[in-house]
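# Chains, contacts and geometry: an overview
In case you want the letters, here they are:
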Amino acid sequence: MTQDEMKKQAAWAALEFIPHNTVVGVGTGSTVNHFIDALASIKQHIKGAVSSSVQSTEKLKALGIPVLELNDIDSFSVYVDGADEINPLKHMIKGGGAALTREKIVAAVAERFICIVDSSKQVDTLGKFPLPVEVIPMAMAYVQRQLNELGGDARLRENVITDNGNLILDVHNLKITDPKALESSINNIVGVVCNGIFAHRAADTVLVGSATGTVIIN
């Protein structure tokens with residue numbers, strides 16, 4: 001089974017966690033693209049979706065799924081998104097698609113966060129995948145120096161502007177042994193909009209696509 005087939009398996013398995021007549025939060029990325037395809041098969045049973053990126057919004061609308069504004073919703077039942085890495089505590093690194101800030105906002109509002117991944121995304125310690133940090137452009141050099149002082153190697157992601165009009169610094173060579181503490185520390189650097197550690201808002205349930213079937217981790 002290919003990696004993409006395992007992603008698709010986990011994405012379609014997420015349909016079992018979608019109540020009828022609800023609003024669904026939708027993340028961003030290759031695994032989520034499979035989930036959007038799956039969601040279209042039950043679109044008549046949901047009220048619509050809240051999207052975390054322009055890319056996902058366009059795909060949702062193309063498949064006839066209504067996209068709602070988060071500011072018009074107090075809460076909704078479930079958010080489905082992927083991860084670039086996830087540890088046994090269900091802490092994640094996200095942001096490979098540069099949508100980390102909006103993803104974190106949507107996840108914060110959702111009552112339940114379902115993370116869909118293939119088995120290659122499971123790690124014991126976060127940090128092999130470079131940590132994305134969204135930065136206000138005028139603060140880029142300052143934030144880069146601050147991140148390097150934390151022991152990382154922060155590099156500008158070339159030719160990428162986020163949906164919020166900001167830049168992405170990818171921090172290499174971090175071994176993240178205390179995800180909650182590092183998430184807070186980086187967010188406290190002036191000029192940082194958000195970073196890609198999802199530890200304070202970890203996943204509630206993880207669906208792992210593997211060669212032997214989908215594994216559910218609660």
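See the structure printed just above.
Residues numbered from 1 in each chain as written. Predicted model: local features only at pLDDT ≥ 70, side-chain atom pairs only at ≥ 80, totals over all residues. Heavy atoms only, no water.

Time to look at the environment of Asn218. Locating Asn218 in the fold gives a position in the segment after strand 13 (213-217). Judged by its relative accessible area of 62%, Asn218 is exposed. When the C-alpha atoms of Asn218 and Ile114 are compared, they prove to be 9.6 Å apart, with 104 residues separating the residues in sequence. For Asn218, the contacting residues outside a window of four places in its chain are Lys90, Arg112, Asp204 and Thr205. (Helix = DSSP H or I, 4+ residues; strand = E, 2+ residues; numbered from the N terminus. Buried < 20%, exposed > 50% of the residue type's maximum accessible area, 1.4 Å probe, protein only. Contact = heavy atoms within 4.5 Å.)

Right, let's talk about unusual backbone geometry for a bit. Even without glycine at this site, Asn159 takes up a positive phi of about 60°. One can find Asn159 in the loop between strand 8 (153-156) and strand 9 (167-172). Judged by its relative accessible area of 82%, Asn159 is exposed. Even without a glycine there, the phi angle at Asn173 is positive, about 65°. Take Asn173: it is sitting in the loop between strand 9 and helix 6 (179-187). For Asn173, a relative accessible area of 60% gives the class exposed.

With that settled, consider the packing of aromatic side chains. In total, this model carries one aromatic pair according to the counting rule given. Aromatic side chains Tyr79 and Phe113 sit 5.1 Å apart centroid to centroid with 50° between the ring planes, which places their arrangement in the tilted category. A residue pair is termed long-range when its members are at least 10 positions apart, and Tyr79 in strand 3 (residues 76-81) and Phe113 in strand 6 (residues 110-118) qualify at 34 residues. When its relative accessible area of 0% is taken as the criterion, Tyr79 is described as buried. (Phe/Tyr/Trp six-rings, centres within 6.5 Å; stacked < 30°, edge-to-face > 60°.)

Here we come to the nonpolar core. Ile18, Val24, Val26, Phe35, Leu39, Val80 and Ile116 are the most contacted members of the largest nonpolar core, which has 25 residues in total. Listed by contribution, the elements that provide at least two residues to this core are helix 1 (3-13), strand 1 (23-26), helix 2 (30-40), strand 3 and strand 6. Considering every element that reaches this core, the biggest residue donor is helix 2, with six residues. Not counting the four nearest positions on each side in its chain, Phe35 is found in contact with Ala11, Ala14, Leu15, Ile18, Val24, Val26, Val80 and Ile116. (Core = buried A, V, L, I, M, F, W, Y, C linked by side-chain atoms within 4.5 Å.)

Further remarks concern a nonpolar patch on the surface. Taken together, the side chains of Ile136, Met138 and Val193 define a hydrophobic patch exposed on the protein surface, amounting to about 320 Å² of accessible area. If you trace the backbone, Val193 turns up in strand 10 (residues 192-195). We classify Val193 as partly exposed; its relative accessible area is 34%. (Patch = residues over 30% accessible without salt bridge, like charges linked within 9 Å, V, L, I, M, F, W, Y side chains within 5 Å. Areas by Shrake-Rupley, 256 points an atom, 1.4 Å probe, with all protein chains shown as cover. Salt bridge = Lys/Arg side-chain N within 4 Å of Asp/Glu carboxyl O.)

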